[in-house]
Amino acid sequence: MSAVASLTRATLAKDLRLEWRSKDAINSMLFFSLLVVVIFSFSFDPTAEESRQIAGGLVWVAFLFAAVVALNQTWAREMRNQVLDAYRVSPAPPNALFLAKVVGNFIFVTVLQALMTPLFIVFYNLRALGPAYQLPIVAALGTWALVVNGTFFAAMSLRTRSREIMLPLLLFPISIPALLAMVEATGAILTGEFSARFWIVLLAAYDLVFTIASLFLFGFVLQAE
Amino acid sequence: MKRVFPILAVLTGVLLSYALYEALIAAPTEQTMGDVQRIFYYHVPSAWTAFILFFVNFFASIVYLIWRANKADIVALVTAEVGVVFCTVVLVTGPIWARPVWGIWWTWDLRLTLTLVLWLIYVSYLVLRRFSSSGQTPLLAAVLAVFGALDVPLVYFSIWFFRTQHPQPVIGGGGSIDPRMLHVLLINWLAFSCFAALVCWSRYRLEVLRRDMDETLALEALLEPRSSHTRTSRTERAG
């Protein structure tokens with residue numbers, strides 16, 4: 001267990017340091033979601049009441065698309081100089097690598113959300129009428145749901161032609177229940193009309209199921225020849 | 001085995017035509033919906049067949065993950081392809097029926113959404129199979145099938161939270177159905193299942209042949225005399 005933890009920490013530290021120096025992923029995600037926010041605000045031009053109804057969907061669609069941008073770059077770094085092949089022949093547990101990538105992406109997307117939230121409030125004139133303390137919980141669970149499957153499918157699409165197109169094609173259908181839960185929970189909290197509890201529980205269940213499944217199956221994907 | 005195939009084919013043909021007669025002529029007309037209801041004899045059997053095929057696909061994928069049996073992979077591929085076709089039939093016939101009866105083409109109801117999501121997952125499964133390079137395809141596809149199967153209960157619960165508009169399932173769902181209609185439904189289902197099995201079988205044989213041929217071609221390329229290669233490369237260099 002300690003081997004997994006130390007390897008995870010080492011890989012995560014390396015990824016974070018690389019990202020801190022280049023800021024590739026976070027910059028492209030930020031600009032991308034900014035564009036989505038501006039275009040949506042432009043094309044719908046909602047009133048405060050309307051935007052409260054649709055904001056849950058807008059926010060999460062923006063984050064989903066932005067996350068795909070980051071997820072597509074996740075493994076590209078390891079393909080250069082055959083790092084992934086070296087990892088494959090080493091006795092290091094595959095799950096440590098996977099966990100490090102997931103946590104890294106989780107941090108990137110969370111930073112993105114923290115930076116984008118003020119913009120959403122400004123553009124859509126948002127104010128939560130429900131219990132606002134649930135919003136960070138929904139954000140964390142939702143981001144984990146996107147990132148854990150996204151990292152897994154990004155590793156899968158490494159082995160395919162035109163891998164950048166492949167990732168959303170694999171990720172979106174499987175993520176439908178999670179997306180529905182995020183959107184509904186956010187909408188419930190913003191409008192305050194009904195309780196978000198069911199959706200939060202569903203999100204937690206989704207996270208649990210797919211985290212376990214990914215940890216079980218990542219070895220197969222890494223070793224795929 | 002070779003003699004079983006034409007027998008099954010003839011049997012399926014007879015069953016399908018009998019089922020068509022039963023559904024369009026023999027079955028009693030529904031009181032409120034009228035003749036539109038007859039689409040039910042195609043919609044429901046297709047749905048059951050598609051779900052069975054997807055289940056077989058999941059089972060074959062698990063078998064492949066454990067034992068790496070090529071036959072299991074071919075079964076998974078074949079059932080996914082035929083399942084998507086039947087699922088498409090369900091998704092097309094549903095709105096045709098819903099428009100005159102409900103007044104709307106589509107609604108985000110439990111069974112409709114579940115079927116649509118299943119269809120999306122299996123289309124992405126087929127896309128993955130098409131796009132990935134040959135050696136890794138079976139493994140990646142099997143992993144995706146497991147993910148898809150895990151997704152189904154989550155989709156179910158997420159949409160279960162909404163209101164459900166779809167008529168309750170007629171078998172084991174508390175709904176009542178005329179025994180004559182049930183008889184027609186089951187005959188249609190039998191005919192559709194035979195048809196699906198027939199298509200799967202011929203597709204299976206085709207896939208086995210295709211893989212054999214690919215293997216033979218690869219071997220021939222290896223065994224080909226070196227001289228022809230050097231000759232072509234020399235002419236290329238000269239060109």
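The rules behind each value
- Residues numbered from 1 in each chain as written.
- Chains lettered and ligands numbered in written order.
- Predicted model: local features only at pLDDT ≥ 70, side-chain atom pairs only at ≥ 80, totals over all residues.
- Helix = DSSP H or I, 4+ residues; strand = E, 2+ residues; numbered from the N terminus.
- Buried ≥ 20, exposed ≤ 12 C-beta atoms within 10 Å, placed from the backbone.
- Contact = placed C-beta atoms within 7 Å.
- Rg over C-alpha atoms; globule rule 2.2 N^0.38 Å.
- Nonpolar A, V, L, I, M, F, W, Y, C, P; charged D, E, K, R; others polar.
- Expected span 1.5 Å × (residues − 1).
- Core = buried A, V, L, I, M, F, W, Y, C linked by C-beta atoms within 7 Å.
- Bend = angle between axes of the 7 residues up to and from the residue.
- Axes fitted to C-alpha atoms, helices over the stretch in contact; angles between N-to-C directions.
- Parallel < 35°, antiparallel > 145°, perpendicular 65-115°, else oblique.
- Left-handed = near helix turned anticlockwise from the far one by under 90°.
- pLDDT = per-residue confidence, 0-100.

Some details on the overall build of chain B
In step 1: Along its length, chain B carries seven helices and zero strands.
In step 2: Counting from the amino terminus, helix and strand elements in chain B follow one another as α-α-α-α-α-α-α.
In step 3: Looking at chain B residue by residue over its 239 residues, the buried ones come to 30%.
In step 4: Look at the contacts in chain B between residues 6 or more apart in sequence, and 76% of them connect residues 24 or more apart.

Describing the overall build of chain A
In step 1: The helix and strand inventory of chain A stands at nine helices and zero strands.
In step 2: Listed N to C, the secondary structure of chain A is α-α-α-α-α-α-α-α-α in terms of helices and strands.
In step 3: Here chain A has a C-alpha radius of gyration of 18 Å; the compact-globule value for 225 residues is 17 Å, and the two agree.
In step 4: Among the 225 residues that make up chain A, the fraction classed as buried is 42%.

Section: the interface of chain B and chain A
In step 1: Listed by partner, the interface residues are 26 residues for chain B and 26 residues for chain A.
In step 2: Secondary structure elements with two or more residues in the side of chain B that touches chain A: helix H4 (110-131) and helix H5 (137-160) of chain B.
In step 3: Among the elements that take part in the side of chain B that touches chain A, H5(B) stands out by supplying 13 residues, more than any other.
In step 4: Across the side of chain B that touches chain A, the residue classes tally to 18 nonpolar, seven polar and one charged.

Side note on helix H6 (residues 179-223) of chain B
In step 1: Compared with the 66 Å implied by 1.5 Å per residue over 45 residues, the 65 Å span of H6(B) between its first and last C-alpha is a close match.
In step 2: Where the residues of H6(B) are buried, they touch helix H1 (4-26), helix H2 (40-67) and helix H3 (70-102) of chain B.

Observations concerning the nonpolar core
In step 1: By size, the foremost hydrophobic cluster in this structure holds 116 residues, and its most contacted members are Ala67(A), Ala185(A), Leu203(A) and Ala76(B).
In step 2: If one sorts the elements of this core by residue count, helix H8 (residues 163-191) of chain A sits on top with 14 residues.
In step 3: With residues near it in sequence (within four places) discarded, Ala76(B) still touches Asn57(B), Ala60(B), Ser61(B), Tyr64(B), Ala141(B), Ala142(B) and Ala145(B).

Concerning the environment of Thr47(A)
In step 1: Summarising the element assignment, Thr47(A) is placed in the loop between helix H2 (24-44) and helix H3 (48-74).
In step 2: Residue classification places Thr47(A) among the exposed positions, given that 11 C-beta atoms sit within 10 Å.

A few points about the environment of Ala128(A)
Residues and elements named next belong to chain A.
In step 1: Residue placement: alanine 128 occurs in the loop between helix H6 (94-124) and helix H7 (134-157).
In step 2: For alanine 128, a count of 17 C-beta atoms within 10 Å gives the class partly exposed.
In step 3: Remark: the alpha-carbon pair of alanine 128 and arginine 52, spanning 76 residues in sequence, is separated by 8.2 Å.
In step 4: Ignoring any residue separated from it by four or fewer positions in sequence, one finds alanine 128 in contact with Leu135, Ile189 and Leu190.

Some points on helix H9 (residues 197-223) of chain A
Residue and element names in this part refer to chain A.
In step 1: With 27 residues, H9 should cover 39 Å at 1.5 Å per step; its first-to-last C-alpha distance of 40 Å lies within 8% of that length.
In step 2: Bending of H9 peaks at approximately 40° at the position of leucine 217.
In step 3: Every buried residue of H9 is accounted for by Trp199, Ile200, Leu202, Leu203, Tyr206, Asp207, Phe210, Ser214, Leu217, Phe218 and Val221.

Considering the packing of H8(A) against H4(B)
In step 1: The geometry of H8(A) relative to H4(B) is characterised by a closest axis approach of 9 Å and an angle of 155° between their N-to-C directions. Relative to H4(B), the element H8(A) lies roughly antiparallel. With respect to the hand of their crossing, H8(A) and H4(B) are arranged in left-handed fashion. Between H8(A) and H4(B), the residues in contact are Met166(A), Leu169(A), Leu170(A), Pro173(A), Ile174(A) and Ile176(A) and Val117(B), Leu120(B), Ile121(B), Ser124(B), Val127(B), Leu128(B) and Phe131(B), respectively.

Some words on the confidence of the model for chain A
In step 1: For chain A, per-residue confidence averages 87 on the pLDDT scale, and residues scoring 70 or more make up 99% of the total.
In step 2: Here helix H4 (residues 76-79) of chain A stands out as the element of chain A with the lowest mean pLDDT, 82, in contrast to H7(A), whose mean of 92 is the highest.

Describing unusual backbone geometry
Residue and element names in this part refer to chain A.
In step 1: The backbone of lysine 23 shows a phi angle near 55°, a positive value even though the residue is not glycine.
In step 2: You can see lysine 23 is positioned in the loop between helix H1 (2-22) and H2.
In step 3: On the neighbour-count criterion, lysine 23 (11 C-beta atoms within 10 Å) is exposed.
In step 4: You will see that asparagine 81, though not glycine, has its phi angle at about 55°, which is positive.

Description of the environment of Ser193(B)
In step 1: Take Ser193(B): it is sitting in helix H6.
In step 2: Along the backbone, Ser193(B) and Thr12(B) are 181 residues apart, and their C-alpha atoms lie at a distance of 9.0 Å.

Considerations on the confidence of the model for chain B
Residues and elements named next belong to chain B.
In step 1: Put simply, chain B has an average pLDDT of 84, and 87% of its residues get 70 or more.
In step 2: Considering only residues more than four positions removed or in separate chains, one finds that residues 231-239, a stretch of pLDDT under 50, has zero contacts.
In step 3: This complex was scored by the predictor with a pTM of 0.85 and an ipTM of 0.85.

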